[in-house]
Each structure stands twice: as structure tokens, then as C-alpha cells.
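# Coordinate analysis (summary)
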Amino acid sequence: MVDPRAALRPSAAVREERLWQRHLEMAKLGATSKGGVNRQALSVEDAAARRLLTGWAAARGFAVSTDAIGNLFVRYDGSEPSAEPVLTGSHMDSQPTGGRFDGIYGVLAGFEVLEAFADAGLRPRRPLELVAWMNEEGSRFQPGAMGSAVYAGSLALDRALAAKDRAGVSVADALSQTLAAAPASRRPGFGGPIAAYVEAHIEQGPRLEAAGRTIGVVTGIQGQRRYTVDVVGEEAHAGTTPRAARKDALSAAVAIVSALEQLMADPADTVRFTVGRFEVQPGSPNTVPGRVHFTIDFRHPDTAVLAERGDRIADVAARHAKGCTVTVTEISRVAPTVFAPQVIDLVRDCATQLGYQHMDMPSGAGHDAMHVARIAPSGMIFVPCWRGISHNEAENATPADLAAGARVLAEALASLANA
Ligand SMILES: [Zn+2]
């Protein structure tokens, strides 16, 4: 027997083909020759993406607005217009050699949910608002997740507007050009109040695909500590200087990195430790290196592990200095985000009810949700991406998985908006 209420569920009105076609349409804006996208924040391609989304919203009668940092909002009214809205969304900007799904999936899944509500004639109690956060990637303007950080009050508006790209163009100037090319009515203020926030995103890692699961129930976002390490020895002739007389900065730096890998050893493979930049000076084949500069990116979901191992880095480095001078400088520290238990449970329940295989997992990458979680109960939904590849033009995902995530999002938003 068919449950008559089934037809009233918004997930039943999510249309896989429509959602997929919208991805293909968006992927034309900033399309690269290798099948990816280059749609950096506040570029002409970003403006084109804003116009496309705004046009789709206008065709459905959804109101569009933008705030003073360029976050773009699309609203589906609830039966109680003054009730605190439920937000969903992600970002439309990409890396310079980015893929077709990072960020834009969460925006298009959210828009699909708004359309599903409209198609099914559903009117939740609270308004639903889709938001495309400005400059999540941080490849053109730093810091990344800029729009959500300003919205949540973790970054001052004037500081964000003053940030400049490598060509010297400020966020303020690029934003006014973008809004001239993609106009939207201005909304006052930041930060809600909002009832809840749920963000859908491709996983950007290989775990869901490897485990054969469709939905990742995201429990939080791991914290991150970043450091620079400077090793200073003494330049000397490669042919004449005996070992005992050398202060070889490279030899010391190699020993330090090796010792740090021991410090970060972790049978569970949860620690993320990366030396991504390693510069040797003077870089001459017949000179003992006098200086090495390298970076450390250390991430973990647990505050205690971040504190305990991160605090030992300087000491481990000093003990392997081999007569050189070592300076360890911490350049940033971001605490882990723990999502709201009620939102985590809701996402898991919705996935179960829809019959999708799912698993709980932390997010390895940073997302706008880490800022929004400071001001509202928040959570995220992950869907698999091919081989876990992301920040890459080869990034891929299946229409069925994208639609599955949108269906879970639809049910989660329905529940939150009727609460
Ligand atoms: Zn993203």
C-alpha cells in the first residue's frame, strides 16, 4: 500500500536529472580545457554564476538578496515569515584549477530542495534560505571562508573588504564590480538570527567510495595548526669542510622532518601532517646549505591531540638541530568544529529513512559550516567523489549520489523548518 504522506515528502520531489543539468550549466562558467573550472571569487565568472542562479530563482519567484560581503541569499518563504530561517548552502567560487562539484554542489543541492518544496506545494513553518558564501576557497583573496566568517562575526567586515589579490585589487573593488554585473537587492546586517544550518558537499576524500557508502554524516571539522620552521647553519665549501666542522641546515632539516614524522605517527591514521614547502639556500651544488625554510600543516579532529603533539614540535626540532639554530613559529591555530548533536542525529536518521548506506565521519577539509556553527546548530552532509579527488580539474561525482545527498538535505531541512 502506498503511504499517502509519501507524496508530501520533499525528498520525493527532488529530481536527479534537473540537479545534474544545473551542474553542467554552472560548469560552463569558467570551464577549463581539462574539464574543470576556474571560477575564483569575485571574478567575471563568479558574477556569471551569480546571474545564472539569480535567474533560476527569479523564474521560481524566490527572492534574492546580498549582504555587504557579497554572500548571496535565495529565500523560500515559510508560513511564519518572522520565524528564524533555516539556512543551507555552500560556495560558488573555485580553485584556479578546480572541479565541477566542490562548493557548487551544496548551492545547487540547496536550490534543488527549494524547488522540490515548491513543486510539492510544501510550505514549512520557517523560511528556508539558500546561501552562496563569498570566497570560500581563499585562492584569490585570503583568508578563505571569508563570507561565512564575516557573517558569523569571526572576521571584521572592513578587514575582509581590505584584502587584496596578487594584482592589488581589493575585495571592496572586486565586490562592487561583481554586484554591478550581477545585481541583487541589499539585505542589512549579518548573522541571523538563524534556526539551523546544513551544508551539503562532496567529501573531497576517498572514504565513502572505499566503504561503499552514499552519505557521510559529518560530525565535525578537524582543527588545524600551521607552522613555519627556519633552520640556520653555516655555508661552507663542499669539497674542503670536514663533517665535524659543518653546520649543514639541510641535514638538520631532514633529521627534524624525520623526527616529526615519528612524533606524528598514528596507527589509526587520523593525524594529518604535511610539509608542503621546503626551501634550501643557497641552493648551490657545491656549497653546504646554510638555510632551510619549511612549513608544517598539522590537523586533527581532537583538541587534546592538537595541543599535545603540536606543543612538542618546537622541542623535537631543537633536539635534532645538529648544531644549527632552529626557529619554529606557529602562524595559525584553528580549533576543531564539533557539529550540533541534534543536527548530526537528524542527518543520520534522514539517511536511514531514505534507505541510504551511511557512515559518521569528520571533515578533513575546512568548510563555511565551521564559521556558521559558531552562531547556529549546524551540520554537513557528504556525498562520494570519484577516487576522493578534489581541488583538481578531474573532480567527479555521479548524478545518483548528488541526488541522494539532496534528498537527505531536503528531509533534514523539512524537519528543522517545521520545528
Ligand atoms: Zn568547498
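These numbers come from a predicted model, not from an experiment. (Residues numbered from 1 in each chain as written. Predicted model: local features only at pLDDT ≥ 70, side-chain atom pairs only at ≥ 80, totals over all residues. Heavy atoms only, no water.)

## Some thoughts on the overall build of the chain
To keep it simple, the criterion reads: To qualify as a helix, a DSSP run of H or I must reach at least 4 residues; to qualify as a strand, a run of E must reach at least 2; elements of each kind are numbered from the N terminus. Two things to know: the radius of gyration comes from C-alpha atoms, and the globule rule equals 2.2 Å times the number of residues to the power 0.38. To sort residues, take the accessible area from a 1.4 Å probe on protein chains only and compare it with the maximum for the residue type: under 20% means buried, over 50% means exposed, and anything in between is partly exposed. Working rule for contacts: check all heavy atoms of both residues, and any pair within 4.5 Å makes them a contact. Residue burial considers only the protein chains on display, and all accessible areas are found by Shrake-Rupley using a 1.4 Å probe. Charge assignment in this entry is limited to Lys and Arg as positive and Asp and Glu as negative, and neither His nor the chain termini are counted. Working definition for charges: the position is that of NZ of Lys, CZ of Arg, CG of Asp or CD of Glu.
From N to C terminus, the chain includes 12 helices and 17 strands. The C-alpha atoms of the chain give a radius of gyration of 24 Å, which matches the 22 Å a tight globule of 419 residues would have. Residue burial in the chain is summarised as follows: out of 419 residues, 53% are buried. Counting contacts in the chain only where the partners sit at least 6 residues apart, residues at least 24 apart contribute 80% of the total. Accessible surface, the chain: about 17800 Å² in total, of which carbon and sulfur atoms supply 50%. Within the chain, one finds 42 positive and 46 negative side-chain charges whose respective centroids are separated by 1 Å.

## Some words on the pattern of salt bridges
Put simply, the test is: One speaks of a salt bridge when a side-chain nitrogen belonging to Lys or Arg is within 4 Å of a carboxyl oxygen belonging to Asp or Glu.
Scanning all chains against the criterion turns up 22 salt bridges. Across the pair Asp46 and Arg50 runs a salt bridge whose closest N-O atoms are separated by 3.2 Å. With Asp46 and Arg50 both in helix 2 (residues 44-60) and four residues apart, this pair spans about one turn of that helix. Grouping residues by exposure puts Asp46 and Arg50 together as buried. Connected through salt bridges with shared partners, the residues Arg18, Arg22, Arg60, Glu112, Glu115 and Asp119 form a single ionic network.

## Regarding a nonpolar patch on the surface
The following threshold applies: A residue counts toward a patch only above 30% relative accessible area and without a salt bridge, and it is joined to like-charged neighbours within 9 Å or, for Val, Leu, Ile, Met, Phe, Trp and Tyr, to nonpolar neighbours within 5 Å.
The grouping of Val254, Phe278 and Val280 at the surface amounts to a nonpolar patch, some 220 Å² of accessible area in total. Within the element layout of this structure, Val280 appears in strand 11 (residues 278-281).

## Let's talk about the environment of Ile194
Along the chain, Ile194 turns up in the loop between strand 5 (185-186) and strand 6 (196-202). Separated by 178 residues in the primary sequence, Ile194 and Val372 have C-alpha atoms spaced 9.7 Å apart. If we ignore the near neighbours within four places in the chain, the residues touching Ile194 are Glu84, Pro85, Leu87, Tyr151, Val372, Ile375 and Ala376.

## Quick look at empty space enclosed by the protein
To find leftover empty space, one rolls a probe the size of a water molecule over the atoms. Test applied: Here a cavity denotes grid points, spaced 1 Å and computed from the protein atoms alone, that fit a 1.4 Å probe unable to get out, and a pocket denotes an open set having protein on both sides within 12 Å along at least 5 of 7 lines; residues with an atom within 4 Å of a point are the lining. Grid points are joined across faces, edges and corners, and a volume is the space filled by probe spheres set on the points. The residue classification treats Ala, Val, Leu, Ile, Met, Phe, Trp, Tyr, Cys and Pro as nonpolar and Asp, Glu, Lys and Arg as charged. All others, Gly included, are polar.
In the structure shown here, the tally under the stated rule is one cavity of 30 Å³ or more. Taken as a whole, the largest cavity holds about 50 Å³ of empty space. Taken together, Asp46, Arg50, Gly70, Leu72, Met92, Asp93, Ala132, Trp133, Met134 and Asn135 make up the full set of residues lining the largest cavity. Across the lining of the largest cavity, the residue classes tally to five nonpolar, two polar and three charged.

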